[in-house]
Amino acid sequence: MLVVMKAQATPEQIQAVCEHIEQLGFRAHPLPGAQRTAIGITGNKGEVDRGNLESLSGVAEVIRVSKAYKLASRDVKEEDTVISFPGTDAAIGGRNLAIVAGPCSIESRDQAFAIAEQVASSGAQFFRGGAFKPRTSPYAFQGLGLEALKIMAEIRDRYGLRIVTEAIDSESLAMVAEWADVIQIGARNMQNFSLLKRAGRLRKPVLLKRGLSATLEEFLMAAEYVMSEGNYQVILCERGIRTFTDHSRNTLDLSIIPAVHHLSHLPILVDPSHATGKRESVLPIEVHHQPDKALSDGPQSIYPSQFATMMDEIQQIAPVVGRNLPRGIHATAVAG
Ligand code: PEP
Ligand code: MN
């Protein structure tokens, strides 16, 4: 159920409706929009008595949300969600393009700084590096853990880049939440419901990657898990799905982008690195200064010079399609 408040409803009226919902034993999720606030109701097995709610002051109407996902749905919030990072020009979901780049894994301080410098000077706003790696083989490099988080915190201070990194379990989630700006939940964990709920109890943006074989509904339901716990800052990420195709690591399902935009107000990013697995097919996001020596995902990591060229191209294309790349690109980044 969804309570739509009148455009002129006061904060006190919104608060009173939320309290009323909670007293009934449900959870209230106030979602402010440009015109009006909508209050999602979750935790109700059946119908909520709409008569009582409709009579509360400031309420415009009470609507039943028929989709399985409620808070992620456009029925609940018409406007696109824009996730901003106070004190910075970084935002995900608006007209400004959000560029996230970096190595698959943080391997050393030197490696991370060398890549971050290129990523920053090419105009990206987010640095993504793995500290905890979900590897297919238990013998493969598993990440530097806390040491990597500390390196990335230094990178944030030095270059003003917001930090994105993955949490793979509740232990790493607590650490990632402390050190990073965006918590990545990887494809393999997209249906780790207890991890999603834990991330939902935090108040940091969550970058949720699509599962290897997840349908659109499963993807949005995973987002709903995070949101149902009160964290509405979810960023979806298409990263390729498993198909019979064997020319690439995965198949980039670009058709999910308009489908998500139609059904949900949440922003969605595209990760062409994991989607294709091959440098020559990739634009961002995995950038490595020495991909041949990378401890993970070297073949899909593009060279800094390729990244700089791509950013230059994006800067030219963006205005043509009504988008904007907020950070200027320093020409020096292109050499290298
Ligand atoms: C990654 O981003 O390095 C990663 C492991 O991604 P995914 O979860 O999409 O495989
Ligand atoms: Mn990777």
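Scroll up a little and you will see the structure.
Note that the structure is predicted; figures quoted are calculated from it, not measured.

Asker: Help me understand the pattern of salt bridges, please; the structure alone is not making it clear to me.
Answerer: As a working rule, side chains carrying opposite charge can pair if their charged atoms are close by. Applying the stated rule across the entire model yields 12 salt bridges. Measuring nitrogen to oxygen at the nearest pair gives 3.8 Å for the salt bridge that ties glutamate 78 to arginine 36. Placement of the pair is glutamate 78 in the loop between strand 4 (59-63) and strand 5 (83-84) and arginine 36 in the loop between strand 2 (27-32) and strand 3 (37-42), with a sequence separation of 42 residues. Classification of glutamate 78 as exposed rests on a relative accessible area of 56%. Salt bridges sharing common partners tie together Arg27, Arg201 and Glu229.

Asker: Where do I start with the pairing of strand 1 (residues 2-5) in this structure?
Answerer: Look at any regular strand and the pattern is simple: side chains alternate between the two faces of the sheet. Going residue by residue along strand 1, you find Leu2 and Val4 tucked away on one face and Val3 and Met5 tucked away on the opposite face as well. Note: strand 1 against strand 4, 4 bridges, orientation antiparallel. From the neighbouring strand, valine 4 faces strand 4, where its bridge partner is glutamate 61. Pairing geometry for strand 1 and strand 3, over 3 bridges, is antiparallel. Each bridged residue has a counterpart across the sheet, and for leucine 2 the counterpart in strand 3 is glycine 40.

Asker: What should I look at first to understand the site of ligand 1 in this one?
Answerer: Taken together, 13 residues form the shell around ligand 1, and within it Arg128, Ala187, Arg188, Lys209 and Arg239 come nearest. In the environment of ligand 1, an oxygen atom lies 2.8 Å from a nitrogen or oxygen atom belonging to the backbone of alanine 187. Note that an oxygen atom of ligand 1 is positioned 2.6 Å from one of the side-chain N or O atoms of arginine 239. For ligand 1, whose free accessible area comes to 300 Å², the fraction covered by protein is 97%.

Asker: I'm lost on the packing of helix 6 (residues 193-200) against helix 7 (residues 216-228) in this one. Help?
Answerer: If you want to describe how two helices pack, look at the angle between their axes and the distance between the axes. Where helix 6 meets helix 7, the axes come as close as 6 Å, and the angle between the chain directions of the two elements is 45 degrees. The orientation of helix 6 relative to helix 7 falls into the category oblique. In the crossing of helix 6 with helix 7, the sense of the turn from one axis to the other is right-handed. Across the interface between the two elements, Phe193, Leu196, Lys197, Ala199 and Gly200 from helix 6 touch Ala222, Tyr225 and Val226 from helix 7.

Asker: What is the right way to read the side chain of serine 248 from this model?
Answerer: Within the secondary structure, serine 248 sits in the loop between strand 12 (234-238) and helix 8 (256-263). Given the relative accessible area of 15%, serine 248 is considered buried. Within polar-contact distance, the side chain of serine 248 engages the backbone oxygen of asparagine 250 at 2.6 Å. Setting aside its immediate chain neighbours within four residues, serine 248 contacts Thr276 and Lys278.

Asker: Any chance you could explain helix 3 (residues 109-121) here in plain terms?
Answerer: Helical geometry: 3.6 residues make up each α-helical turn, so side chains three or four residues apart lie on a common side. Compared with an ideal rise of 1.5 Å per residue, which puts 13 residues at 18 Å, helix 3 spans 18 Å between its outermost C-alpha atoms and is within 8% of the ideal. Among the residues of helix 3, those classed as buried are Gln111, Ala112, Phe113, Ile115, Ala116, Val119, Ala120 and Ser121. In this structure, the buried side of helix 3 is in contact with strand 7 (100-101), strand 8 (126-128), helix 4 (146-159) and helix 10 (304-317). At the exit of helix 3 stands glycine 123, carrying a positive phi of roughly 100 degrees.

Asker: Help me understand the layout of surface pockets in this model?
Answerer: Left-over empty space is what a probe sized like a water molecule reveals as it rolls over the atoms. Its boundaries defined by the atoms lining it, the largest pocket holds a volume of some 900 Å³. Looking at the largest pocket, it is lined by 36 residues, and the ones nearest its centre are Leu97, Ala98, Ile268, Leu269 and Val270. Elements represented by at least two residues in the lining of the largest pocket include exactly strand 11 (206-209), helix 8, strand 13 (268-270) and helix 10. Ranked by residues supplied to the lining of the largest pocket, first place goes to strand 13 with 3 residues. Its residues assigned to classes, the lining of the largest pocket shows 23 nonpolar, 7 polar and 6 charged.

Basis of the calculations
- Residues numbered from 1 in each chain as written.
- Chains lettered and ligands numbered in written order.
- Predicted model: local features only at pLDDT ≥ 70, side-chain atom pairs only at ≥ 80, totals over all residues.
- Heavy atoms only, no water.
- Salt bridge = Lys/Arg side-chain N within 4 Å of Asp/Glu carboxyl O.
- Helix = DSSP H or I, 4+ residues; strand = E, 2+ residues; numbered from the N terminus.
- Buried < 20%, exposed > 50% of the residue type's maximum accessible area, 1.4 Å probe, protein only.
- Pairing = 2+ DSSP bridges.
- Near = heavy atom within 4 Å.
- Polar contact = N/O pair within 3.5 Å; in protein donor to acceptor, adjacent residues only side chain to side chain.
- Areas by Shrake-Rupley, 256 points an atom, 1.4 Å probe, with all protein chains shown as cover.
- Axes fitted to C-alpha atoms, helices over the stretch in contact; angles between N-to-C directions.
- Parallel < 35°, antiparallel > 145°, perpendicular 65-115°, else oblique.
- Left-handed = near helix turned anticlockwise from the far one by under 90°.
- Contact = heavy atoms within 4.5 Å.
- Expected span 1.5 Å × (residues − 1).
- 1 Å grid on protein atoms, 1.4 Å probe; cavity = no way out; pocket = protein on both sides within 12 Å on 5 of 7 lines; lining within 4 Å.
- Points joined across faces, edges and corners; volume = space filled by probe spheres on them.
- Nonpolar A, V, L, I, M, F, W, Y, C, P; charged D, E, K, R; others polar.

Geometry only, nothing functional implied.
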